[in-house]
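Secondary and tertiary structure notes
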Amino acid sequence: MSIRQGLLALLSEQPMYGAQLRSEFERRTGGTWPLNVGQVYTTLGRLQRDGLVEAAGDADDEGRITYGLTEAGRGEVATWFTTTVDRESDPRDELTIKLALGVTLPGVDIVAIIQAQRAATVAHLQDLTRLKRDALAGGDLPWELVLERSIFTAEAQVRWLDHVESRVRRAAAAASATVPVADVDHEMQESRA
Amino acid sequence: MTERHVLLEMRGVSRVHGHGPTEVRALSGVDLRVAEGELVAVMGQSGSGKSTLLNLAGGLDTPTAGEVEVEGAALTGRSVAGRAALRRRSIGYVFQDLNLIPTLTAAENVSLPLELDGVRRSKARKDAIHSLADVAMADLADRFPDEMSGGQQQRVAIARALVGPRRLLLADEPTGALDSETGEAILAVLRKRVDRGAAGLLVTHEARHAAWADRVVFLRDGVVVDTTDASSDTSAALAAGGPRHL
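Just so we're clear, the structure is a prediction, and the values are computed from it rather than from any experiment.

**A look at the sheet that holds strand β2 (residues 24-35) of chain B**
Residue and element names in this part refer to chain B. The 4 strands lie next to each other as β2-β1-β4-β5, forming an open sheet whose pairing is antiparallel. Each edge of the sheet is formed by a strand with only one pairing partner; in this case those strands are β2 and β5 (73-74). Looking at chain direction, strand β4 (residues 65-70) and β5 are connected through 2 bridges and run antiparallel. Within β5, the position partnered with Glu 69 by the bridge is Ala 74.

**Considerations on helix α4 (residues 121-134) of chain B**
Residues and elements named next belong to chain B. Taking 1.5 Å of rise per residue, the 14 residues of α4 would be expected to cover 20 Å, and the 20 Å separating its terminal C-alpha atoms lies within 8% of that figure. For α4, every residue scored as buried is listed here: Ala 124, Asp 127, Ala 128, Ser 131, Leu 132 and Asp 134. Here the buried residues of α4 occupy an arc of 145° about the axis, which is enough to place them on one side. Facing away from the buried side of α4 by over 90 degrees, the exposed positions are Lys 126 and His 130. Trailing α4 by a residue or two, Ala 136 shows a phi angle of about 55°, which is positive.

**Let's talk about the interface of chain A and chain B**
On the side of chain B, 31 residues touch chain A, which itself brings 32 residues to the contact. Together chain A and chain B conceal approximately 2,700 Å² of surface at their shared face, both sides included; 53% is due to carbon and sulfur atoms. For the pair chain A and chain B, the number of links is 5 salt bridges. With its nearest N and O atoms 3.4 Å apart, the salt bridge here joins B:Asp195 to A:Arg133. Run the count over chain A and chain B and you get 11 residue pairs in polar contact (both at pLDDT 80 or more). Where the side of chain A that touches chain B is concerned, the elements lending two or more residues are α6 (110-138) and α7 (141-192) of chain A. At 16 residues, the largest contribution of residues to the side of chain A that touches chain B is made by α6(A).

**Focus on the side chain of A:Glu165**
With respect to the helices and strands, A:Glu165 occurs in helix α7. Note on A:Glu165: relative accessible area 2%, which makes it buried. Look past the residues within four positions of A:Glu165 in its chain and what remains in contact with it is A:Val111, A:Ile114, A:Arg118, B:Gln45 and B:Arg220.

Rules behind the numbers
Residues numbered from 1 in each chain as written. Chains lettered and ligands numbered in written order. Predicted model: local features only at pLDDT ≥ 70, side-chain atom pairs only at ≥ 80, totals over all residues. Heavy atoms only, no water. Pairing = 2+ DSSP bridges. Helix = DSSP H or I, 4+ residues; strand = E, 2+ residues; numbered from the N terminus. Expected span 1.5 Å × (residues − 1). Buried < 20%, exposed > 50% of the residue type's maximum accessible area, 1.4 Å probe, protein only. Arc of directions from axis to C-beta. Contact = heavy atoms within 4.5 Å. Buried area = accessible area lost by both parts, 1.4 Å probe. Salt bridge = Lys/Arg side-chain N within 4 Å of Asp/Glu carboxyl O. Polar contact = N/O pair within 3.5 Å; in protein donor to acceptor, adjacent residues only side chain to side chain.

Given below as structure tokens:
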């Protein structure tokens, strides 16, 4: 599922052909999820069948076809970034890829994505904690331990999201701080002149 | 279900420090209600306004805009003495650093706020023992703080915060100085105490502890960006047996 969404997200930036998509996907997700080019083309074929991508022109000299998003494809990318990850569908990987791609793409409000996910995970933690209170009251130790496992996983996800948010905000602050420095240089040159 | 008595209400509360180019907006237009029987957690990173929110709720600081009411009485607009009187009658605090007076026993620590308020010593002692019993600490009433574990001291602090007529508990990272399991036990005590007729506002950066609350409020840059409720539907579905999917 995430390969499909990941390729669509990459194509929202610019049209690409299969091998480009593969290397961009691997580069931007830190190589945590290696893809083979066959997987990429199979996925592109399905996306084309579903009306989410289309060929952006004829094949080039080497026979490569560049794909771009359709309107429906753009809608799908927007939906992916604004929908929280279903816990049942291996949240770690999809969330990791969503955030890794989110920080590299323009127009994605990464802090809002992090907050939505954090709220969803804390709400889940609240449910788990209620169940744990019942388990404690009923002396159901095995169930309590199973619940604790989920509680630790959810807690770890929130801590990781906190960390990502701090890191992203620090990076944004550093990026905006470089602008005044350039201005200062400019002013200094002017005053010297 | 009947409407529960609202013990803390904040409406459009803002707190600005300084003015002009050095102005810092610590809190902006916060609305918050905590009713009897409710535990509300506030989460946010350092500098998000958590402590400011708690200080305003407890009348330790005054908002630059908006209103704070405790048990229906306005905290805003009162004199310093007026705020102190309302605080003593209605509000109790629990801090991270287990700040009991070392030369007083558990019961004396708990009865002290009542005695300072002019309650007779015997009545104050009786109320203190009652409050200690609420946190399962009546047996250790005559122990000094250094004869108790960190978790036991924090239970005494909760008993002190809610002794006598006080029903609004403000807790600032109450588990910060405790190990994970003891911290968890303190949350269980806090939860039980609130269920029995108090209102709690808990500031924490730990999701596992915030999860004991009925609602979790997220602050960022002084603004409430989200509020979550425990969805009783999910709990019911999960608790109803069958395959226990998480």
